[in-house]
Amino acid sequence: MANHSSSYPILHASFNQNNSGFVISTPDGFKIFDPNTGRLCYERAVGGFIIVEMLYSSSLLAIVGAGEQPSLSPRRLCLFDTKTNAPLREMTFLTSILAVRLNRKRLVVVLKEKTYIYDSNSLAILDTIDTVPNLKGLCAFSPSLDGCFLALPASTTKGSVLVYNVMELQSHCEIDAHLSPLAAIALSSNGTYIATASEQGTIIRVHLVSEATKSYSFRRGTYPSNIFSLSFAPSLQLPDILAATSSSGSVHIFSLGFDTNQRSKKSRVRSYTVVRKVDKVADSSSSEFASCRAVISLITYNGYFQEYTLSINNQNESSWSLEREFNLLSFHDRNLAARHL
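Since this is a predicted model, take the numbers as computed values, not measurements.

Each value, and the rule that gives it
Residues numbered from 1 in each chain as written. Predicted model: local features only at pLDDT ≥ 70, side-chain atom pairs only at ≥ 80, totals over all residues. Heavy atoms only, no water. Helix = DSSP H or I, 4+ residues; strand = E, 2+ residues; numbered from the N terminus. Contact = heavy atoms within 4.5 Å. Areas by Shrake-Rupley, 256 points an atom, 1.4 Å probe, with all protein chains shown as cover. Phe/Tyr/Trp six-rings, centres within 6.5 Å; stacked < 30°, edge-to-face > 60°. Buried < 20%, exposed > 50% of the residue type's maximum accessible area, 1.4 Å probe, protein only. Polar contact = N/O pair within 3.5 Å; in protein donor to acceptor, adjacent residues only side chain to side chain. Core = buried A, V, L, I, M, F, W, Y, C linked by side-chain atoms within 4.5 Å. Salt bridge = Lys/Arg side-chain N within 4 Å of Asp/Glu carboxyl O.

> In this structure, what is going on with the overall build of the chain? I would like to understand it.
In terms of regular secondary structure, the chain is built from 0 helices and 29 strands. Within the chain, residue pairs in contact and separated by at least 24 positions form 40% of the contacts whose partners lie at least 6 positions apart. For the chain, the accessible surface area stands at approximately 15,000 Å², while carbon and sulfur atoms represent 47% of it.

Structural data, given as structure tokens:
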């Protein structure tokens, strides 16, 4: 997720496809971390990057410069190998690159009015999608090869989203999700659900991708707010939790498996969050689940990593616990010891 404001030191923050690693970029370079241990895995200080995307835990990165140096053009995509510290391939486009997504079979490059689909291995171009003007590079991608979808805005005047099958290289459906233009989109990792929020930011809707039908509607709040990020919990079957961060200063958690709409935790600055893990505890007296425990990781754009656990029981009671917090900007060694709380 790119930071479109210069008021924070972090330009970009993103987790890899299975949330086992994350990367941040600053005007000085970028860093890769292990969220389980807080260890700094890789660091490169050569200037600012507006996009840094990982391919799972491999040595391959897709990076795009912030444009502050001639060698770091925002029109140039570099596929970079962290083992050799050298570029593998570079691709230059006519306009600035706004977003990049990838898995082991496909590479997606989003420009203002075009989106390109490539074979990840040969880099042969497979398809070009003409889009409505997409100034923020808004998109969502499900990396599973069995349900690999790309979601893009389909209108500049209302909240319609185009869902494209990236493996079959064809449009899957178009969903009219909101009356106002889209502000955030997320796909579950297996491509089952798509979540959307409009520029109003009061309602988050979840649709079943296969049928293009609405499954859930969650109220984030009464007053308009900018939605910064949406993230489903990882799941081999159905996702359980949807997380959202917004300009209201809250992290909202919506449950798809319990009769509860949201639980929120205040965050004082702009942030990006993912649900890294969900554990369920079964009720011994019935087939239903008695409680749910989620591990939620938060990256704040002023440079902190925070990890919370959220517990929700079947009585809709919840509790938050801050487990770890550390500064992402204050060290340069590879053996960071996270501060446990």
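Having seen the model, we can carry on.
> Would you mind showing me how to read the packing of aromatic side chains here?
Between two aromatic rings, the relevant description is the distance of the centres plus the angle of the planes. Enumeration over the complete set of coordinates arrives at 16 aromatic pairs. Between Phe-33 and Phe-326 the ring centres are 6.4 Å apart and the planes differ by 40 degrees, which places this aromatic pair in the tilted class. With Phe-33 in strand S3 (residues 29-34) and Phe-326 in strand S28 (residues 318-327), this pair connects stretches of sequence that are 293 residues apart. Overall, Phe-33 belongs to the buried group, its relative accessible area being 1%. The class of Phe-326 is buried, set by a relative accessible area of 5%.

> Would you mind going over the environment of Asn-16 with me for this structure?
Here Asn-16 shows up in the loop between strand S1 (12-15) and strand S2 (22-26). Setting aside residues up to four positions removed in sequence, Asn-16 forms contacts with Gly-21, Met-54, Tyr-56 and Ser-57. Among the polar contacts listed, one links the side chain of Asn-16 to the backbone oxygen of Tyr-56, at a separation of 2.9 Å.

> It is not clear to me how the nonpolar core should be interpreted in this structure. Could you clarify?
Nonpolar side chains in soluble globular proteins tend to end up buried together. Core analysis: the biggest nonpolar cluster contains 19 residues, and Leu-77, Phe-93, Ile-97, Val-100, Leu-107 and Val-109 have the highest contact counts within it. Elements that contribute at least two residues to this core include exactly strand S6 (60-65), strand S7 (76-81), strand S9 (99-102), strand S10 (106-110) and strand S11 (114-119). The dominant element in this core, judged by the number of residues it contributes, is S6, at 3 residues. When neighbours within four sequence positions are excluded, Val-100 is seen to be in contact with Ile-51, Glu-53, Ala-62, Val-64, Leu-77, Leu-107 and Val-108.

> What exactly am I supposed to notice about the pattern of salt bridges here?
A side chain of one charge can pair with a side chain of the opposite charge if their charged atoms are brought near each other. Across all of its chains, the model carries 7 salt bridges by this definition. The residue Arg-76 makes a salt bridge to Glu-90 at a minimum N-O spacing of 3.9 Å. On the criterion of sequence distance, the pair formed by Arg-76 in strand S7 and Glu-90 in strand S8 (residues 86-92) is long-range, its members being 14 residues apart. For Glu-90, a relative accessible area of 45% translates into the label partly exposed. The closest approach of N and O atoms between Arg-276 and Glu-307, which form a salt bridge, is 2.6 Å. Pair noted here: Arg-276 is in strand S25 (residues 271-282) and Glu-307 is in strand S27 (residues 304-313), with a separation of 31 residues, a long-range link. The same class applies to Arg-276 and to Glu-307, which are both buried.

> I keep staring at the side chain of Asn-134 and nothing clicks. Help me out?
Of note, Asn-134 is situated in the loop between strand S12 (125-130) and strand S13 (140-141). Reaching out from Asn-134, the side chain makes a polar contact with the backbone nitrogen of Leu-138 at a distance of 2.9 Å. The contacts of Asn-134, once residues within four sequence positions are left out, are Leu-98, Val-110, Leu-111, Lys-112, Leu-152 and Pro-153.

> How should I be thinking about the environment of Pro-35 in this particular structure?
One can find Pro-35 in the loop between S3 and strand S4 (39-44). A relative accessible area of 0% means that Pro-35 is categorised as buried. Along the backbone, Pro-35 and Ser-297 are 262 residues apart, and their C-alpha atoms lie at a distance of 8.1 Å. Excluding residues that lie within four positions of it along the chain, Pro-35 makes contacts with Phe-15, Asn-19, Ser-20, Gly-21, Phe-22, Arg-276, Phe-305, Glu-307 and Arg-324.

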